[in-house]
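Chain by chain, the residues run as shown.
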Amino acid sequence: MNSPLPSLSTWQPNAVTPTESDAAVQLRPVVRPELLMPAGDLEKLHTALLFGGDAVYVGGQEYSLRAYARNFDLADLAQGVNFAHSMGKKVYVAVNILAHNRHLQELPPYLEKLGELDVDGLIVSDPGVIKLARQYVPHIPLTVSTQANVTNYASAEIFKEMGARRIVLARELALDEIADIKAQVGVEIEVFIHGAMCAAYSGRCLLSYYMTGRSANLGLCAHSCRYRYALQEEKRPGQYFPIEEDEHGTYILNSRDLCLLDYIPQLIEAGVDAFKVEGRMKSPLYTAVTARVYRQAIDKWLSERSAYSLEDLHAWHLELQGIATRPYTTGFIDGPADELQDTAKMPLKGPHFEFCGMVKGYDHQGSRIEVEQRANFGPGEDLEIMIPPGDIRKLALTRLYDHEGNPLDRARHARQRVWIPSAEPVIPNSILRRVVRSRGHAE
Ligand code: SF4
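Predicted, not measured: the structure shown is a model, and the values here were computed from it.

The rules behind these values
Residues numbered from 1 in each chain as written. Predicted model: local features only at pLDDT ≥ 70, side-chain atom pairs only at ≥ 80, totals over all residues. Heavy atoms only, no water. Helix = DSSP H or I, 4+ residues; strand = E, 2+ residues; numbered from the N terminus. Buried < 20%, exposed > 50% of the residue type's maximum accessible area, 1.4 Å probe, protein only. Contact = heavy atoms within 4.5 Å. Areas by Shrake-Rupley, 256 points an atom, 1.4 Å probe, with all protein chains shown as cover. Axes fitted to C-alpha atoms, helices over the stretch in contact; angles between N-to-C directions. Parallel < 35°, antiparallel > 145°, perpendicular 65-115°, else oblique. Left-handed = near helix turned anticlockwise from the far one by under 90°. Nonpolar A, V, L, I, M, F, W, Y, C, P; charged D, E, K, R; others polar. Salt bridge = Lys/Arg side-chain N within 4 Å of Asp/Glu carboxyl O. Expected span 1.5 Å × (residues − 1). Near = heavy atom within 4 Å. Pairing = 2+ DSSP bridges. Core = buried A, V, L, I, M, F, W, Y, C linked by side-chain atoms within 4.5 Å. Patch = residues over 30% accessible without salt bridge, like charges linked within 9 Å, V, L, I, M, F, W, Y side chains within 5 Å.

A. Structural detail: the overall build of the protein chain. Tallying secondary structure elements over the protein chain gives 12 helices and 19 strands in all. Within the protein chain, the fraction of its 443 residues that count as buried is 53%. Once local pairs closer than 6 in sequence are excluded, the contacts in the protein chain between residues at least 24 apart make up 70%. Only carbon and sulfur atoms are counted for the fraction: they give 52% of the accessible area of the protein chain, which is about 19500 Å².

As structure tokens, then:
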């Protein structure tokens, strides 16, 4: 998938069920899949849910595979759960390390604390952790993580027998395999639809541990697969021969990011129960854009599929391109993948978005928006505000003031609070972004 707007030339909006009308579809039971978003901290949890996520997954401080994603402590988690439940939404907590004996001692009290916080589910992969979760918090539903690499119905069956309510399938499966597992096993199925991919079966990789001592299976991956590699002849120590596929080098292990936007209808029709977006370490802008796009795609297909159009897809793809840092791939969804790697160092096309600030409030008396700065910005730039759940407005920024009301030429300081005049009110948790019209190669 080399195009920044993948598959659009061949995509058929009615390819799934060509003869069915919207009315007929409403009579047929179709699972409304849960849109499950990443939340690396409380701010991203709010963003994910306000922009359309049905649920978020978070890491606890001890047992999550994203040890660096500013994981939630128990106080944050309590706040996050209250916020989600106030919206009728859910919070799942990742406890998905491959545990060694030394990790097990503290696990039961931690699980019991999660039970007291009323979290909606645990994401697990290690059978030992599953055993302890069944024993100490049997009331909390279990999701088997993609780290368990479930690639067939028999594996799904065994995890179901162990007590799993839901299974996140391995990313390495094709659409027909996903549909087949769903049809054969009476268990909820979750599928990754967007985000970074491993060059190994998810998380089952020793590269990072070998090179840096940081184990991917304990949440410490250093992304060693994305380092630059060279060739060295054994009798010429210190002499490195570049491996060059093009002028930018080689990226033999450098996976593109997954994007299954084009397959949302087919995945819904296959009965998939939950769609997962990767990226707990990404910015709130990434969270907002992905939540908004996939929310709209899912809802449109379910509510008025006959109006699901190529124009919709173009608009959604442009949004997703705006947050891309490397080219997208559809992975294994069509069978064996041949375009997984970013070997050609593809240029990223189309406008790119930069996260400039988070709206904290609106002063009705002064007709001004209060923004917390996240990147240097100022008047005259191409700025937009994303307003939950889905509006995007141009912002004509001509004047800017510091928190005491003094004029500023730019918002330069990290997390600086500034005022932007605006006759139109904007709600908190809206996102200020800059549109950059041209850019170079993927990083
Ligand atoms: S080093 Fe790369 S392949 Fe290995 S776990 Fe990390 S991201 Fe995955």
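B. Molecular detail of the packing of helix α2 (residues 42–50) against helix α3 (residues 74–86). The geometry of α2 relative to α3 is characterised by a closest axis approach of 10 Å and an angle of 15 degrees between their N-to-C directions. Classified by the angle between their axes, α2 and α3 sit roughly parallel to one another. The way α2 lies across α3 gives a crossing that is right-handed. Mapping the contact onto sequence places L42, L45, H46, L49 and L50 in α2 and D76, Q79, G80, F83 and A84 in α3. Tallied by class, residues from the contact of α2 with α3 come to 6 nonpolar, 3 polar and 1 charged.

C. Geometry of the pattern of salt bridges. Within the structure shown, the criterion is met by 33 salt bridges. The salt bridge involving E190 is made with R166; its shortest N-O contact spans 2.9 Å. Of the two residues, E190 is situated in strand β7 (residues 188–195) and R166 in strand β6 (residues 164–168); the sequence distance between them amounts to 24 residues. Neither E190 nor R166 differs from the other in exposure class; each is buried. Between E381 and R410 there is a salt bridge, with its nearest N and O atoms 3.1 Å apart. Here R410 lies in the loop between β17 (401–402) and β18 (417–421) and E381 lies in the loop between β14 (368–373) and β15 (383–387), a separation of 29 residues in the sequence. If you follow the salt bridges from partner to partner, you end up with E43, K360, E370, E372, R374, R415 and R417 in one network.

D. Helix α12 (residues 310–322), seen in detail. For α12, with 13 residues, the first-to-last C-alpha span of 18 Å sits near the 18 Å given by 1.5 Å per residue. Every buried residue belonging to α12 is among D312, L313, W316, H317, E319, L320, Q321 and G322, and all of these are buried.

E. A look at the site of the ligand. As a matter of local geometry, the ligand sits amid C198, A199, A200, C205, A216, C221, H223, S224 and C225. Broken down by class, the residue content of the shell around the ligand amounts to 7 nonpolar, 2 polar and no charged.

F. Main features of the sheet that holds β15. An order of β16-β15-β19-β13-β14-β18-β17 is seen for the 7 strands of this open sheet, with the pairing classed as antiparallel. Across the chains shown, the open sheet's two edge strands, defined by having one partner strand only, are β16 (391–395) and β17. Judged from the 5 bridges that link them, β14 and β18 form a sheet pairing that is antiparallel. Bridge pairing in β18 places V371 opposite V418. Here α12 sits on the sheet and contacts β13 (352–363), β16 and β19 (431–436); the angle it forms with β13, its principal contact strand, is near 95 degrees.

G. Seen up close, the nonpolar core. Counting residues in each nonpolar core, the largest one holds 89 residues, and the members touching the most others are L122, L261, I264 and L267. Considering each element in turn, this core owes the most residues, 10 residues, to helix α11 (residues 284–303). Among the nonpolar cores identified, the runner-up in size contains 17 residues, and I385, L400, V418 and L432 belong to it.

H. Summary view of the pairing of β19. Judged by how many residues are buried, β19 sits mostly within the fold: 5 of 6 residues are covered. Alignment of β13 against β19, held across 6 bridges, turns out to be antiparallel. The residue bridging G357 from the neighbouring strand is L432, located in β19. Note: β15 against β19, 4 bridges, orientation antiparallel.

I. Summary view of unusual backbone geometry. A cis amide bond links P388 to the next residue, P389, at an omega of 5 degrees. Not every positive phi belongs to a glycine, and H223 is a case in point at roughly 55 degrees. A positive phi angle, near 45 degrees, is found at S367, a position not held by glycine. Mapped onto the secondary structure, S367 falls in the loop between β13 and β14. Taking relative accessible area as the criterion, S367 reaches 31% and is therefore assigned partly exposed.

J. A look at a nonpolar patch on the surface. There is a patch of nonpolar side chains on the surface, built from Y210, M211 and Y227 and spanning about 360 Å² of accessible area. Locating Y227 in the fold gives a position in the loop between α9 (207–212) and β8 (230–232).

K. Spotlight on the packing of α2 against α11. Look at α2 against α11: their axes get within 8 Å of each other, and the N-to-C directions meet at 20 degrees. If you check the angle between α2 and α11, you find them roughly parallel. The crossing of α2 and α11 is right-handed. Across the interface between the two elements, E43, K44, T47 and A48 from α2 touch P284, T287, A288 and A291 from α11. Broken down by class, the residue content of the contact of α2 with α11 amounts to 4 nonpolar, 2 polar and 2 charged.

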